[in-house]
Amino acid sequence: MENTTIISSPESEYIVDVDHLTIRFNKATEKIDNLKEYFIKLVKHELMFQEFLALKDVSLKIKKGEAWAIIGTNGSGKSTILKAISKILKPYKGTVTVNGSIASLIELSAGIDPRLTARENIYLNGCILGHTKKFIDEKFDDIVEFSELEDFLDSPVKNFSSGMKSRLGFSVATMVEPDILIVDEVLSVGDVLFRKKCMNKMNEMLSHGTTLLFVSHNMNTVRAMCDKALWLNKGEVVMQGDIKQVCDEYEATIGEKKAREKAERDKKAKELKKQAEEIAAKKRKRAQEQ
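Residues numbered from 1 in each chain as written. Predicted model: local features only at pLDDT ≥ 70, side-chain atom pairs only at ≥ 80, totals over all residues. Heavy atoms only, no water.

Student: Sorry if this is basic, but what is going on with the overall build of the chain here?
Tutor: When its secondary structure is counted, the chain shows eight helices and ten strands. By the compact-globule yardstick of 19 Å for 290 residues, the chain is too spread out, its C-alpha radius of gyration being 25 Å. Here the chain holds 290 residues, and 39% of them are scored as buried. Summed over all atoms, the accessible surface of the chain reaches about 17100 Å², with 50% contributed by carbon and sulfur. Within the chain, the 44 negative side-chain charges are centred at a point lying 9 Å from the centre of the 46 positive side-chain charges. (Helix = DSSP H or I, 4+ residues; strand = E, 2+ residues; numbered from the N terminus. Rg over C-alpha atoms; globule rule 2.2 N^0.38 Å. Buried < 20%, exposed > 50% of the residue type's maximum accessible area, 1.4 Å probe, protein only. Areas by Shrake-Rupley, 256 points an atom, 1.4 Å probe, with all protein chains shown as cover. Lys, Arg positive; Asp, Glu negative; His and termini not counted. Charge placed at Lys NZ, Arg CZ, Asp CG, Glu CD.)

What follows is the structure, given as structure tokens:
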């Protein structure tokens, strides 16, 4: 493995510089039911893993104030590259250079303790993001007002719907304007009015110079929010550049794939129908002979 690291370089012209990034996971090749068995195999060096490359030699250079969409089908590596940029995952090969503060909304449950109330989670999440209690006190009313959770502040978050958790997480993450905002599908839940409110907030942040990394399967939202796009497929870069060109090519490819799949399903259905008709005809013939 090459000597790799996640570094920060204030002299770079790019706020995010992903250079030949490869992310590797180890997939277990056998099922282990308990910790005792796991540790016995670990000590005996009998644990077997299969290498899985979630990202393969991916490069991406983002300038301050740009809005990038990361698109692709499920399992293409979209969340993985965002986690690498957020310093959650360490590169196997290559480097990730980040020049600025990051607010990440990658998973609904990230930074939220379901056993605590919404009020307590605001302070917990704020501390995780590096804010002081005094600062959170000053921003508390704004967070609550934006999240529209005034009536649920002292309720455990474990009783919240996915939409309510999304409201809480987004409101805390955007209490200040970070240099880089990362949003991964968390706004796909919740009501339409709050999603629109979040889009307006992100547009406001973009106008003030925040850099956006955005993942969504809704191409209309992607086109509206972003000016550039990175298309991943099975961990590899297919295309990157202007949002319209990349999204047009992506949608055309997906459309062709769906058309092929439909043609194959129709063909199979016809074959099954023909086989059923032949079986029925044979049964009728045997019945007539008897």
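Student: Sorry if this is basic, but what is going on with the environment of L213 here?
Tutor: Among the structural elements, L213 can be located in strand β8 (residues 211–215). Those residues in contact with L213, other than ones at most four positions away along the chain, are I62, W68, L82, I85, I180, L181, I182 and V183. (Contact = heavy atoms within 4.5 Å.)

Student: Please explain the pairing of strand β10 (residues 236–242) as it appears in this structure.
Tutor: Along any regular strand the residues' side chains alternate between the sheet's two faces. As paired elements, strand β9 (residues 228–233) and β10 share six bridges and run antiparallel to each other. The residue bridging A229 from the neighbouring strand is G241, located in β10. Here β9 hands over to β10 after two residues, with K234 in that stretch at a positive phi of 55°. (Pairing = 2+ DSSP bridges.)

Student: Where do I start with the packing of aromatic side chains in this structure?
Tutor: What describes a pair of aromatic rings is the distance from one ring centre to the other and the angle between the planes of the rings. Going through the model one piece at a time under the given rule, you end up with five aromatic pairs. For the ring pair F146 and F194, a centre distance of 5.8 Å and an interplane angle of 65° mean the geometry is edge-to-face. Taken together, the residues F146 in helix α4 (residues 133–147) and F194 in helix α6 (residues 192–207) connect sequence positions 48 residues apart. Owing to a relative accessible area of 5%, F194 belongs among the buried residues under this scheme. Summarising the aromatic geometry, the rings of W231 and Y250 are spaced 5.4 Å apart at their centres and angled 80° between planes, so their arrangement reads as edge-to-face. Here W231 is found in strand β9, whereas its partner Y250 is found in helix α8 (residues 243–289), with 19 residues between them in sequence. Classification of W231 by relative accessible area gives buried; the value is 7%. (Phe/Tyr/Trp six-rings, centres within 6.5 Å; stacked < 30°, edge-to-face > 60°.)

Student: Even after reading the chapter, I still don't get the packing of helix α3 (residues 118–128) against α4, so can you show me in this structure?
Tutor: Two packed helices can be described by the angle between their axes and the distance between those axes. At a minimum axis separation of 10 Å, α3 and α4 run at an interaxial angle of 130°. The orientation of α3 relative to α4 falls into the category oblique. As for the relative orientation of α3 and α4, their crossing is right-handed in sense. When α3 is examined against α4, the residues R119, I122, Y123, G126 and C127 are found in contact with a partner set consisting of K133, I136, D137, F140, I143 and V144. Tallied by class, the residues present in the contact of α3 with α4 amount to seven nonpolar, one polar and three charged. (Axes fitted to C-alpha atoms, helices over the stretch in contact; angles between N-to-C directions. Parallel < 35°, antiparallel > 145°, perpendicular 65-115°, else oblique. Left-handed = near helix turned anticlockwise from the far one by under 90°. Nonpolar A, V, L, I, M, F, W, Y, C, P; charged D, E, K, R; others polar.)

Student: Please clarify how the sheet that holds strand β7 (residues 180–184) should be interpreted in this entry.
Tutor: Two modes of strand pairing occur in sheets, parallel and antiparallel, and in both the strands are linked by backbone hydrogen bonds. Read from one edge of the open sheet, six strands run β6-β7-β8-β4-β9-β10, paired in mixed fashion. Both outer strands of the open sheet, β6 (102–105) and β10, are each paired with one neighbouring strand and no more. Going from strand to strand, the sheet's axes swing by 15° on average, the running direction of each strand aside. Sitting on the sheet, α6 touches β4 (67–71), β7 and β8, and the angle it makes with β8 is about 145°.

Student: Where do I start with the environment of D17 in this structure?
Tutor: Relative to the elements of secondary structure, D17 occurs in strand β2 (residues 16–28). The spatial distance from the C-alpha of D17 to the C-alpha of K273 is 55 Å, given a sequence separation of 256 residues. Each residue touching D17, except ones within four places of it in the same chain, is listed here: L60, K61, T95, V96 and T97. A polar side-chain atom of D17 sits 2.9 Å from a polar atom in the side chain of K61. (Polar contact = N/O pair within 3.5 Å; in protein donor to acceptor, adjacent residues only side chain to side chain.)

Student: How do you make sense of unusual backbone geometry when you look at a structure like this?
Tutor: Positive phi, normally seen in glycine, also occurs at K87, with a value near 70°. Turning to its location among the elements, K87 is positioned in the loop between α2 (78–85) and β5 (93–98). If you check the backbone angles, E148 has positive phi at about 60° while not being a glycine. Examined against the element boundaries, E148 turns out to sit in the loop between α4 and α5 (162–173). Judged by its relative accessible area of 38%, E148 falls in the partly exposed class.

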